[in-house]
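# Summary of the model geometry
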Amino acid sequence: MHVFAAPVVEAAHGRQLDLPTVLEAEEMATNGVLAVLGNGEQVRVGKPAFVEEVVGALARPTLEAGETAVYVAVDDELAGVIVLSDPVREHARHTIERLRSFGASEFVLVTGDVAPTARSVADGIGITTVHAETTPQGKVDVVASLQPRPVMMVGDGINDAPVLAAADVGIAMAGRGATAASESASAVVTSDDLSGSPTSSRSRAAR
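Below, the structure is looked at part by part. (Residues numbered from 1 in each chain as written. Predicted model: local features only at pLDDT ≥ 70, side-chain atom pairs only at ≥ 80, totals over all residues. Heavy atoms only, no water.)

We now examine helix α2 (residues 48-55). Those residues of α2 not exposed but buried are P48, F50 and V51. Seen end-on, α2 carries its buried residues on one side only, within an arc spanning 160 degrees. In this fold, the buried residues of α2 make contact with β1 (22-28), β2 (32-37), β3 (42-46), β4 (67-74) and β5 (77-85). A positive phi of about 90 degrees marks G56, the residue just after α2. (Buried < 20%, exposed > 50% of the residue type's maximum accessible area, 1.4 Å probe, protein only. Helix = DSSP H or I, 4+ residues; strand = E, 2+ residues; numbered from the N terminus. Arc of directions from axis to C-beta. Contact = heavy atoms within 4.5 Å.)

Below is the structure:
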C-alpha cells in the first residue's frame, strides 16, 4: 500500500466508515490513483493538477510546515481535500549541517510535492533552492544540471530510483522497504534515520 494511503485507510477505519468496493485501480505515476468503484463511479485521488483535469480550477488550502494535501474527485466533482501531516525526519537539519562540515557547498530539495509543502520543508531544514512538483524524469534533469560535481542524492524510494541512479552518489533510505531505490543506489541506509547518509557518502566517495 502507498505510504499516503495507509494512514487514510487507518483513519477511515478509526471512524468506522464503510469503505466502497473498488473494482480496479491504477497508479498514475507522480500524480495519484485513478479507481473505479463498484457502483461505476470513477475516483481520482492525488495532486491538485491531476484532479483539476476533471473538476476545473481548485482553491488550494494553506498548509503548515510538514503538511501535504491530497485531493479527491468523484466523477467530475470535487469530493474533498485530505490534509496529511508528513513530519520532516528527526535528523534532517543536523544531517545537512554535518554534510556542510564535510565540505558540501550546495543543498537542493527536489520533490514531487506541491510548492507550498516543499517550501515549508526546505525552510525548516535550511535549504534555499527548491524544485517542486517534479516528475521522475524532471528530478533526473535537475540533478544532471547541478554544479559543482559530484552530486549526492538521498531518496526514500517513491519514484526516486531513476534519479538515485543518475546522481554521482545515490543514497537510498530503505527504512520503508524501498527495494527499487536500493537496487539503483550507490549505498543504502537500512533504517529510517537520515543521519547515516553523510557517513555512507564519505565511505562511497573514498572507494
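Another aspect to go through is the pattern of salt bridges. The full count for this structure, using the stated rule, is five salt bridges. Residues K139 and D160 are paired through a salt bridge, measuring 2.8 Å at the closest nitrogen-oxygen approach. Taken together, the residues span a long stretch of sequence, with K139 in helix α5 (residues 136-145) and D160 in the loop between β8 (152-155) and α6 (161-166) at a distance of 21 residues. Residues K139 and D160 agree in their burial class; the two are buried. (Salt bridge = Lys/Arg side-chain N within 4 Å of Asp/Glu carboxyl O.)

Turning next to the side chain of T68. Among the structural elements, T68 can be located in strand β4. Not counting the four nearest positions on each side in its chain, T68 is found in contact with F4, L63, I82, V83, L84 and T117.

Where β2 meets β3, five bridges bridge the pair, whose relative direction is antiparallel. Across the sheet, the residue bridging to V36 is Q42, located in β3. Between β2 and β3, which pair antiparallel and follow one another directly, the connecting turn spans four residues, one of which, G40, has a positive phi of 95 degrees. (Pairing = 2+ DSSP bridges.)

Of all the residues in α5, the buried ones are G138, K139, V140, V142 and V143. Packing partners of the buried residues in α5 comprise β6 (108-110), β7 (129-131), β8 and α6.

Pairing is antiparallel in the open sheet, where five strands are placed in the order β1-β2-β3-β4-β5. Whereas interior strands pair on both sides, the edge strands pair on one side only; in this sheet they are β1 and β5. On average, each strand axis in the sheet is inclined to that of its neighbour by 15 degrees, with strand direction left out of account. Across the face of the sheet, α2 comes into contact with β1, β2, β3, β4 and β5 while running at roughly 150 degrees to β3. (Axes fitted to C-alpha atoms, helices over the stretch in contact; angles between N-to-C directions.)

Core analysis: the biggest nonpolar cluster contains 16 residues, and I96, F107, L109, I125, I127 and I171 have the highest contact counts within it. Going through the elements one at a time, α3 (92-101), α4 (115-125), β9 (169-173) and β10 (187-189) are the ones with two or more residues in this core. No other element matches α4, which puts four residues into this core. In contact with F107, not counting residues within four places along its chain, are I96, L99, R100, I127 and T129. Core analysis: the next-biggest nonpolar cluster, separate from the first, contains ten residues, V140, V143, M153 and L164 among them. (Core = buried A, V, L, I, M, F, W, Y, C linked by side-chain atoms within 4.5 Å.)

Moving on: the packing of α3 against α4. One way to put it is that α3 packs onto α4 with a least axis distance of 8 Å and a crossing angle of 60 degrees. Judged by the inter-axis angle, α3 sits oblique to α4. From α3, A92, R93 and I96 reach across to α4, where they touch D123, G124 and I125. (Parallel < 35°, antiparallel > 145°, perpendicular 65-115°, else oblique.)

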